[in-house]
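Working through the structure, step by step
Each chain, letter by letter, is given below.
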Amino acid sequence: MSVVVHLFPLPYHSYSFIACRSIHTVNKINPSFVYPLLEKFFKCQEGYYNQPTYAKSRATVVDEITKNLVASIIGETNLAKYKAGFNDSQSDQAARISFKNGCARGVTGTPYFFVNGIPINVSGSPLGYKYWISILDPLVGKM
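Residues numbered from 1 in each chain as written. Predicted model: local features only at pLDDT ≥ 70, side-chain atom pairs only at ≥ 80, totals over all residues. Heavy atoms only, no water.

An unreviewed UniProt entry lists the protein under the name Thioredoxin-like fold domain-containing protein, from Urochloa decumbens.

**Quick word on the packing of helix 1 (residues 16–29) against helix 3 (residues 58–74)**
Between two packed helices, both the angle of their axes relative to each other and the distance between the axes serve to describe the pair. Orientation of helix 1 relative to helix 3, taken along the N-to-C sense of each, is 40°, at an axis distance of 11 Å. Between helix 1 and helix 3, the angle is such that the two are oblique. Our pair here, helix 1 against helix 3, has a crossing hand that is right-handed. In contact with I18, R21, S22 and V26 of helix 1, helix 3 contributes R58, V62, I65, V70 and I74. Partitioning the contact of helix 1 with helix 3 into residue classes produces six nonpolar, one polar and two charged. (Axes fitted to C-alpha atoms, helices over the stretch in contact; angles between N-to-C directions. Helix = DSSP H or I, 4+ residues; strand = E, 2+ residues; numbered from the N terminus. Parallel < 35°, antiparallel > 145°, perpendicular 65-115°, else oblique. Left-handed = near helix turned anticlockwise from the far one by under 90°. Contact = heavy atoms within 4.5 Å. Nonpolar A, V, L, I, M, F, W, Y, C, P; charged D, E, K, R; others polar.)

**Points about the pattern of salt bridges**
For the structure on display, the rule yields five salt bridges. In this structure, R21 engages D92 in a salt bridge whose closest nitrogen and oxygen atoms are separated by 3.9 Å. Placement of the pair is R21 in helix 1 and D92 in helix 5 (residues 89–104), with a sequence separation of 71 residues. Across the pair D88 and K28 runs a salt bridge whose closest N-O atoms are separated by 3.3 Å. Within this pair, whereas D88 is found in the loop between helix 4 (79–84) and helix 5, its partner K28 is found in helix 1, the two being separated by 60 residues in sequence. (Salt bridge = Lys/Arg side-chain N within 4 Å of Asp/Glu carboxyl O.)

**Some details on helix 2 (residues 34–44)**
Every α-helical turn comprises 3.6 residues, leaving residues that sit three or four positions apart pointing alike. Those residues of helix 2 that fall on the buried side of the exposure criterion are V34, L37, L38 and F41. End-on, the buried residues of helix 2 take up no more than an arc of 105°, which puts them together on one face. For helix 2, exposure combined with an orientation more than 90 degrees from the buried face picks out E39 and K43. Residues of helix 2 that are buried sit in contact with helix 1 and helix 3. (Buried < 20%, exposed > 50% of the residue type's maximum accessible area, 1.4 Å probe, protein only. Arc of directions from axis to C-beta.)

**With respect to the side chain of N101**
Tracing the chain through its elements places N101 in helix 5. Engagement of the side chain of N101 in a polar contact is seen with the side chain of H6, the distance being 3.3 Å. Among the polar contacts listed, one links the side chain of N101 to the side chain of R105, at a separation of 2.2 Å. (Polar contact = N/O pair within 3.5 Å; in protein donor to acceptor, adjacent residues only side chain to side chain.)

**Quick notes on a nonpolar patch on the surface**
A cluster of nonpolar side chains, namely M1, V3, V5, Y35, L139 and V140, defines an oily patch on the protein surface of about 630 Å² accessible area. The residue Y35 is located in helix 2 in this model. The exposure class of Y35 is partly exposed, given its relative accessible area of 44%. (Patch = residues over 30% accessible without salt bridge, like charges linked within 9 Å, V, L, I, M, F, W, Y side chains within 5 Å. Areas by Shrake-Rupley, 256 points an atom, 1.4 Å probe, with all protein chains shown as cover.)

Quick look at the structure:
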């Protein structure tokens, strides 16, 4: 069994594409940084959602995300590579593809869950262990 996470930067979250680009860039540096950074983004997202960033430039917000969220996860030695990711068209393209991928599958919010490409009716909140077991055990048991 494997778990695949597809990012879906919501267009009504001001800096969701920056966060998405961050994840794609960090994945290129070291994939083991991805989940800790994802968790940190979700934990701290209120500080980067619309109103708190309204009067700030994009460069200022990227700098704050780098200092306040990313640096502690990837370490100072990787910051130059991380910052270079914002001048890299590949991370921009990856964020755009992430958005299009979600739209093509009917995703309207996050989190949104699929098992074997089939949407699970419960979305909008993280799902608990017992719920996942009730879905996955019958599938794994049939293998």
